[in-house]
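Listed here are the chains, written in short residue letters.
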Amino acid sequence: MTRVPDLEAHLDTLTTDLLLPLRATKRVDSKTMNELYGLVDDLVAELGDSAEISRRLAGKLWFIFTQMLSEADHTRSPDDILMSAWSYKSRLDRVFGPDFSSSDPTPGIPRY
């Protein structure tokens, strides 16, 4: 039996615990951030080499990253937020794989 639904439910809680205070104070809660890192590590272990991940879960994982970048844009000292966001993104790379391709890019089409 897969633990992905439990991990996703915990992700929902961590998202609220991280992003609401971040929006209000522009400070990253390091305890919650460390829990998030652990959750992503657990997700990587659970998924293994499987390329299957739901769009809903992928969206939730990337939402945290994009919201952190957005909040960094609205503060005078974004360094801590940006450092946490990019550290989180490097963990997401383990879930989604690297963001490069062996083929040449298609002109006019961005590669994500």
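Residues numbered from 1 in each chain as written. Predicted model: local features only at pLDDT ≥ 70, side-chain atom pairs only at ≥ 80, totals over all residues. Heavy atoms only, no water.

A. Representation of the side chain of T15 in the model. Position of T15 among the secondary structure elements: in helix α1 (residues 4-25). Dropping the residues within four chain positions of it, T15 is found in contact with L20, F63 and I64. (Helix = DSSP H or I, 4+ residues; strand = E, 2+ residues; numbered from the N terminus. Contact = heavy atoms within 4.5 Å.)

B. Expanded view of the environment of S70. Along the chain, S70 falls in helix α3 (residues 55-72). Each C-alpha atom, one on S70 and one on R23, is 9.5 Å from the other, the two residues being 47 residues apart in sequence.

C. Focus on the packing of aromatic side chains. The full count for this structure, using the stated rule, is three aromatic pairs. Both rings, one in W62 and one in F65, keep their centres 5.8 Å apart while their planes meet at 75°; by these two values the pair is edge-to-face. With W62 and F65 both in helix α3 and three residues apart, the pair spans about one turn of that helix. For W62, a relative accessible area of 29% corresponds to the partly exposed category. Judged by its relative accessible area of 7%, F65 falls in the buried class. Chaining the aromatic ring pairs together yields one cluster made of W62, F65, W86 and F96. (Phe/Tyr/Trp six-rings, centres within 6.5 Å; stacked < 30°, edge-to-face > 60°. Buried < 20%, exposed > 50% of the residue type's maximum accessible area, 1.4 Å probe, protein only.)

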